[in-house]
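Understanding the architecture of this molecule
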Amino acid sequence: MDIDKFKIRADFPFFEKSDLIYVDNAATSQKPRQVIEAVSDYYIEHNANPYRGLYDLSEDATGRYEHARKRVAEFINAREPSEIIFTRNATESLNLLAYSLGEICVNEGDEIIVSIAEHHSNMLPFRMLAKRKGAKVIYLECNKDGSFDIEKFKGLLNEKTRIVSITGMSNVYGNITEVSSIVKLTHEKDAIFILDGAQSVPHSITDVQALDVDFLAFSGHKMLGPMGIGVLYGKKEILERMPPFLQGGEMIEYVTKDEVSYAPLPNKFEAGTVNVGGAIGLAAAIDYIDGIGMNNIVKAEEELTRFAMDEINKNPYVEVIGSDDYRMHNGIITFRIKDVHPHDVSSICASLNIAIRAGHHCAGPLHDYIGISSTNRISLMFYNTEDEVKRVTDALTKIRKLMGFKE
Amino acid sequence: MDTLNSVSRTFYNEILTEHNIHPFNKRDLTDAGFIKRGVNPSCGDDITLKINIDENGIITDGAYIGDGCAISQASCDIMLDLVIGKNKEEALRLKEIFLRMIKDEISDEEEEMLEEAVAFADIRYMPARVKCAVLGWRTLEEILK
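1. Regarding the environment of Thr48(B)
Locating Thr48(B) in the fold gives a position in strand 2 (residues 45-53). C-alpha of Thr48(B) to C-alpha of Asp28(B): the two residues are 20 residues apart in sequence and 9.2 Å apart in space.

As structure tokens, this is what we get:
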């Protein structure tokens, strides 16, 4: 089914108010009215602190929060809702793992494998863990298109490997990681596999049981949900063995002056008052995505990417980072314009009412690895139109002239 | 709120682009008496400023190497055009006027003193890029003060 762009865009109040061409969706997505209204409806009519109050309003808030957890579990095909921990974002989910999972499985001399293409959020927490435990972070290099060489991965795996944490979709290359064989090899060494789904979950079908990943981290705000709500999925038997990350309210069974017994999953990992409004907003985002169908979203984004790559490739001064094949990009096109600094490209685009990213996209080590200090990035979402893409690629053709190059 | 968009189609005027593509002072000054590196970590602008100052406090020669965005590079190039031949106090005064220009707080006379550096006046509409325009000036100040 083709997406009706006109109908879809009418769902997003942002596009009514603004004529900005927003193609920085890998940074954060815009929000449909259904999400905004779900959040405001909660705060207008149903706001109470869940779990605590012995009155209808609080019980209702608890019910809505737990319903959101159930929707997330269904969305990624978790076995049960208690395997879903709400966090602030993918970054917090990964920090939770580096702390709590690190406590039970990483010791001195152990090794943690991450890829060189990781976002800082899936690299720095594990470097911190390695430092704390006297362990070592090992980097899996990637190919020119962002993919991983399975033989290289095998070469890094050994008896000391305790954790492997890799992105599901690079936020620079846009390629989807072929996870299944990596997971299988990781499990053969009795190590834990973590998937950073910040970029992949909003743009592809995610089935944690089929993938057999031990953990999955993602953010709500990149998939039409509010900022400040994120998810950590984990296999129940591992989550149960892990100590809490944060200590505080509503994560205990009992506390005396000398003793504490922690609450069962998922509350053990959700200390303090939780983000009910955010969780409800995320559930509304999932309902919205399901309403369109992830298959249709993937198809629409692939079509847009094909069009964008075709247009960009007409420009001899643009060098795209990664594969030449549009199907490897999933809406993300990272590039350089010859002899123009990415910040200047981005500023000129801004003056032409186009929002694109410049910098290292929180993947500094990857930029070092490919030998480029910074790049520009267009990241598309299903609500973008070919007309918008054309205006962006037309703007890119003007940039060198505006920068004084005569050709 | 004023935005660059409402002021002009593009901030990148001819003075700026010319100094970026054909910088006059971008070269290595091998016998420099004063060397200082200036970096904007968030955007990767990275310059090394090299100058000579004689016994009377006059900046007799200056050059820079490095890379970064057009704003950082052109601003540094224009700055060197301005300060070479001036004494330390005059150079620091120009830096202070340049910073006030960005806040739109200078007189017509002061504007004339900045010569080509007035090309950066509109940077005030691009707050995220102010640090690029002042990188050279900030680095010079560290040598002079």
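Once you've had a look at it, read on.
2. Quick notes on the sheet that holds strand 15 (residues 375-379) of chain A
Residues and elements named next belong to chain A. Within the open sheet, the four strands sit side by side as 11-12-15-14. Their pairing is antiparallel. Edge positions in the open sheet fall to strand 11 (318-320) and strand 14 (357-359), since each of these has one partner strand only. Taking each pair of neighbouring strands and ignoring which way they run, the sheet shows an average axis angle of 35°. Bridge count for strand 12 (residues 332-337) against strand 15 is four bridges, and the pairing is antiparallel. Bridge assignment links phenylalanine 335 to a residue of strand 15, and that residue is asparagine 376.

3. Some points on the domain arrangement of chain A
Residues and elements named next belong to chain A. Domain boundaries assigned for chain A yield domain 1 (5-27 + 293-402) and domain 2 (35-290). Each of domain 1 and domain 2 was reduced to a C-alpha centroid, and the two centroids are 28 Å apart. Across the boundary between the two partners, domain 1 contributes 22 residues, which contact 22 residues of domain 2. Those elements giving two or more residues to the side of domain 1 that touches domain 2 turn out to be helix 12 (294-313), strand 12 and helix 14 (364-370). Considering only residue class, the side of domain 1 that touches domain 2 consists of 13 nonpolar, eight polar and one charged.

4. Quick word on the packing of helix 5 (residues 90-105) of chain A against helix 6 (residues 124-133) of chain A
Residue and element names in this part refer to chain A. Here helix 5 crosses helix 6 at 20°, and the two axes come no closer than 9 Å. Relative to helix 6, helix 5 is oriented roughly parallel. Every pair of crossing elements has a handedness; the one defined by helix 5 and helix 6 is right-handed. Two secondary-structure elements touch here, helix 5 through Leu94, Asn95, Ala98 and Gly102 and helix 6 through Pro125, Phe126, Met128, Leu129 and Lys133. The residue makeup of the contact of helix 5 with helix 6, split by class, is six nonpolar, two polar and one charged.

5. Regarding the confidence of the model for chain B
Parts of the model with low pLDDT should not have their predicted coordinates read in detail. Predicted confidence across chain B gives a mean pLDDT of 91, with 93% of residues reaching 70 or more. Scored as a complex, the prediction yields pTM 0.93 and ipTM 0.88.

6. Observations concerning unusual backbone geometry
With glycine set apart, most residues show a phi of negative sign, and most peptide bonds adopt trans. Residues and elements named next belong to chain A. Cis geometry marks the peptide bond from leucine 265 to proline 266, where omega comes out at 0°. Along the polypeptide, proline 266 turns up in the loop between strand 10 (260-262) and helix 11 (276-292). Notably, leucine 224 is not glycine yet its phi reads approximately 80°, a positive angle. On the secondary structure map, leucine 224 appears in the loop between strand 7 (215-219) and strand 8 (230-234). A positive phi angle, near 55°, is found at histidine 361, a position not held by glycine.

7. Some words on the interface of chain B and chain A
Contact residues are listed per partner, giving 17 residues for chain B and 13 residues for chain A. Broken down by secondary-structure element, the contributors of at least two residues to the side of chain B that touches chain A are helix 1 (4-7) and helix 2 (14-21) of chain B. Per-element accounting of the side of chain B that touches chain A gives the leading share, four residues, to helix 2 of chain B. Split into classes, the residues belonging to the side of chain B that touches chain A amount to eight nonpolar, five polar and four charged.

8. Some thoughts on the pairing of strand 5 (residues 161-167) of chain A
Residues and elements named next belong to chain A. Burial within strand 5 is extensive, with six of its seven residues counted as buried. Summarising the sheet, strand 3 (residues 111-115) and strand 5 pair through four bridges and their orientation is parallel. By the bridge assignment, valine 114 is partnered in strand 5 with serine 165. When strand 5 meets strand 6 (residues 192-196), the two strands line up parallel, connected through five bridges. Counted as the bridge partner of serine 165 is isoleucine 194 from strand 6.

9. Looking at helix 2 of chain B
Residue and element names in this part refer to chain B. Burial in helix 2 covers these residues: Leu16, Thr17, His19 and Asn20. The buried residues of helix 2 occupy an angular sector of 165° when projected down its axis, which confines them to one face. Buried-residue contacts for helix 2 involve helix 3 (70-83).

10. A closer look at the sheet that holds strand 4 (residues 136-140) of chain A
Residues and elements named next belong to chain A. Read from one edge to the other, the open sheet built from seven strands follows the order 2-8-7-6-5-3-4, with strand pairing classed as mixed. Both outer strands of the open sheet, strand 2 (84-87) and strand 4, are each paired with one neighbouring strand and no more. When strand polarity is set aside, the average angle formed by the axes of neighbouring strands in this sheet is 20°. Most of the contacts of helix 4 (residues 56-76) go to strand 2, to which it runs at about 115°, and overall it touches strand 2, strand 7 and strand 8.

11. A closer look at the pairing of strand 4 of chain A
Residues and elements named next belong to chain A. Sheet topology note: the strand 3/strand 4 ladder contains five bridges and is parallel. Counted as the bridge partner of isoleucine 113 is isoleucine 138 from strand 4. Taking the sense of rotation as the criterion, the β-α-β connection linking strand 3, helix 6 and strand 4 turns out right-handed.

12. Side note on helix 3 of chain B
Residues and elements named next belong to chain B. With 14 residues, helix 3 should cover 20 Å at 1.5 Å per step; its first-to-last C-alpha distance of 20 Å lies within 8% of that length. When you tally the buried positions in helix 3, you get 13 out of 14 residues, the bulk of the element. Immediately beyond the C-terminal end of helix 3, within one or two residues, lies glycine 85, with a positive phi of roughly 100°.

Calculation notes
- Throughout, a residue's number is its position along its own chain's written sequence, starting from 1.
- Chains carry letters from A onward and ligands carry numbers from 1 onward, assigned in written order.
- Local features in a predicted model are, by the rule used here, given only for residues with pLDDT of at least 70; side-chain atom pairs are given and counted only at 80 or more, and totals for whole chains, interfaces and linings are based on all residues.
- Secondary structure elements are defined from DSSP: runs of H or I of at least 4 residues count as helices, runs of E of at least 2 residues count as strands, and each element is numbered from the N terminus.
- If DSSP finds at least two bridges between two strands, the strands pair.
- To define axes, lines are fitted to C-alpha atoms, for helices over the stretch in contact only, and angles between the resulting N-to-C directions are given on a 0 to 180 degree scale.
- Note that the domain bounds reflect an automated or database-derived domain assignment.
- What counts as a contact here is a pair of residues whose C-beta atoms, placed from the backbone, lie within 7 Å.
- Gly is placed with the polar residues, together with every amino acid not listed as nonpolar (Ala, Val, Leu, Ile, Met, Phe, Trp, Tyr, Cys and Pro) or charged (Asp, Glu, Lys and Arg).
- Roughly parallel means an angle under 35 degrees; roughly antiparallel, over 145; roughly perpendicular, 65 to 115; everything else is oblique.
- Rotating anticlockwise by less than a right angle from the far helix to the near helix defines a left-handed crossing, while the corresponding clockwise rotation defines a right-handed one.
- Every residue is assigned a pLDDT by the predictor, reflecting its confidence on a scale from 0 to 100.
- Note on burial: count the other C-beta atoms lying within 10 Å of the residue's C-beta; 20 or more is buried, 12 or fewer is exposed, in between is partly exposed, and C-beta positions come from the backbone.
- Starting at the helix axis, one direction is taken to each C-beta atom, and the arc is that of these directions.
- Seen with the strands pointing away from the viewer, any crossover whose path from the first strand over the helix to the second strand runs clockwise is right-handed.
- Multiplying 1.5 Å by the residue count of a helix minus one yields the expected span of that helix.

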